[in-house]
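Below are the chains, spelled out letter by letter.
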Amino acid sequence: MNKGILIVVSAPSGCGKGTILAEILKDEGYYYSVSATTRSPRPGEEDGVNYHFLKREQFEELIKNDGMLEYAEYCGNYYGTPKDKVFEKIEEGKNVILEIEVQGAMQIKKKCPQAVFIFIAPPSVGELRRRLLKRGTETEEVIEKRVSEATHEIGFAGEYDYIVVNGALEDAIEDFKTVIRAEKLKSANQKKLIDEVLENA
């Protein structure tokens with residue numbers, strides 16, 4: 001069995017990343033990596049589902065022992081990706097998806113250059129603003145802040161291996177799947193297959 005691959009996915013808020021990933025994760029060949037945090041669970045959140053909720057001492061021990069793929073401190077709490085489960089699932093042949101912001105993705109790129117980095121982008125900043133307004137859940141001030149953040153994040157898109165533009169959802173999902181199919185066919189990811197071919201010579 002060939003190993004799985006590590007897939008790092010980033011996108012500005014409002015790009016439909018969650019919808020695309022929900023469709024991808026219907027395939028049992030994928031595993032969604034749950035992040036860890038030191039913040040307290042919010043009502044309805046479950047440990048191991050929404051986040052791995054850790055005490056600050058536990059998180060800092062993981063950092064000290066190189067147990068985090070990436071981490072950051074935000075508003076007094078740590079957020080990050082525990083390393084062990086990610087590589088365990090890859091060894092099992094699962095494609096592991098990390099849904100992560102740009103800062104964390106750039107940290108992982110230094111540690112795991114073999115990972116596949118996918119940036120999901122809107123067709124335009126104007127379309128992104130329209131989608132955020134359509135939600136009707138935030139004030140115009142908050143929306144403009146999100147658009148400003150998105151513009152900054154899109155500036156990093158060139159650091160990723162692939163850019164999937166979510167104009168039509170079905171096309172974006174198919175593009176995402178095409179990227180992973182192509183990555184799976186790379187010779188570096190087909191060593192097991194090559195061994196099997198040679199064994200049957």
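Everything here concerns the structure above.
Residues numbered from 1 in each chain as written. Predicted model: local features only at pLDDT ≥ 70, side-chain atom pairs only at ≥ 80, totals over all residues. Heavy atoms only, no water.

**Examining the sheet that holds strand β7 (residues 95-99)**
Inference 1: Reading across the sheet, the five strands line up as β2-β7-β1-β8-β9 and stay open at both edges, with parallel pairing between neighbours. Bordering the open sheet on either side are β2 (30-32) and β9 (162-165), each of which pairs with just one other strand. The sheet shows a mean angle of 25 degrees between the axes of neighbouring strands, taken without regard to direction.
Inference 2: Direction of pairing for strand β1 (residues 6-10) relative to β7: parallel, over a ladder of four bridges. Within β7, the position partnered with leucine 6 by the bridge is valine 96.
Inference 3: Running over the sheet, helix α4 (residues 102-111) touches β1, β7 and β8 (116-121) and is turned about 150 degrees from β1. (Pairing = 2+ DSSP bridges. Helix = DSSP H or I, 4+ residues; strand = E, 2+ residues; numbered from the N terminus. Axes fitted to C-alpha atoms, helices over the stretch in contact; angles between N-to-C directions. Contact = heavy atoms within 4.5 Å.)

**What to know about the sheet that holds strand β6 (residues 77-82)**
Backbone-to-backbone hydrogen bonds join strands into a sheet, with any given pair of strands oriented parallel or antiparallel.
Inference 1: Pairing within the open sheet is mixed, and its four strands lie in the order β4-β3-β6-β5. The open sheet has two edge strands with one neighbour each: β4 (52-53) and β5 (68-74).
Inference 2: Where strand β3 (residues 36-37) lies against β6, two bridges are found, and the strand directions are antiparallel. If you follow threonine 37 over to β6, its bridge partner there is tyrosine 79.
Inference 3: Where helix α3 (residues 83-91) meets the sheet, its contacts fall on β5 and β6, and the angle it forms with β6 comes to roughly 20 degrees.

**Observations regarding α3**
Inference 1: Those residues of α3 that sit buried are Lys83, Val86, Lys89 and Ile90. Projection of α3 onto a plane perpendicular to its axis shows the buried side chains occupying an angular sector of 145 degrees, all on one side.
Inference 2: Residues of α3 that are buried in the fold lie against β1, β2, β5, β6 and β7.
Inference 3: Backbone geometry just after α3 places glycine 93 at a positive phi near 95 degrees. (Buried < 20%, exposed > 50% of the residue type's maximum accessible area, 1.4 Å probe, protein only. Arc of directions from axis to C-beta.)

**Describing the nonpolar core**
General note: in soluble globular proteins, nonpolar side chains tend to be found buried as a group.
Inference 1: The biggest cluster of nonpolar side chains holds 24 residues, and the ones touching the most others in it are Ile7, Ile118, Phe176 and Ile180.
Inference 2: Elements represented by at least two residues in this core include exactly β1, α1 (17-24), β8, α5 (125-135), α6 (140-154) and α7 (169-184). (Core = buried A, V, L, I, M, F, W, Y, C linked by side-chain atoms within 4.5 Å.)

**Notes on the packing of aromatic side chains**
Inference 1: Summed over the entire model, instances satisfying the criterion amount to seven aromatic pairs.
Inference 2: Both rings, one in phenylalanine 59 and one in tyrosine 78, keep their centres 4.9 Å apart while their planes meet at 10 degrees; by these two values the pair is stacked. With phenylalanine 59 in helix α2 (residues 56-64) and tyrosine 78 in strand β6, this pair connects stretches of sequence that are 19 residues apart. Across this residue pair, the class does not change: phenylalanine 59 and tyrosine 78 are buried.
Inference 3: An aromatic cluster is present here, built from Tyr51, Phe53 and Tyr79 joined pairwise through their rings.
Inference 4: Directly above the aromatic system of phenylalanine 117 lies the positively charged group of lysine 109, at a separation of 5.9 Å from the ring centroid. (Phe/Tyr/Trp six-rings, centres within 6.5 Å; stacked < 30°, edge-to-face > 60°. Lys NZ or Arg CZ within 6 Å of the ring centre and 35° of its normal.)

**Digging into α1**
Inference 1: Among all positions in α1, only Lys17, Ile20, Leu21 and Ile24 are buried. Each buried residue of α1 lies within a common arc of 95 degrees when the element is viewed along its axis, so the set occupies one face.
Inference 2: If you follow the buried residues of α1, they end up packed against β1, β2, β7, β8 and α7.

**Things to note about the side chain of lysine 17**
Inference 1: Residue position: lysine 17 is located in helix α1.
Inference 2: In terms of polar contacts, lysine 17 uses its side chain to reach the side chain of glutamate 99, at 3.5 Å. (Polar contact = N/O pair within 3.5 Å; in protein donor to acceptor, adjacent residues only side chain to side chain.)

Worth remembering: the numbers are spatial, not functional.
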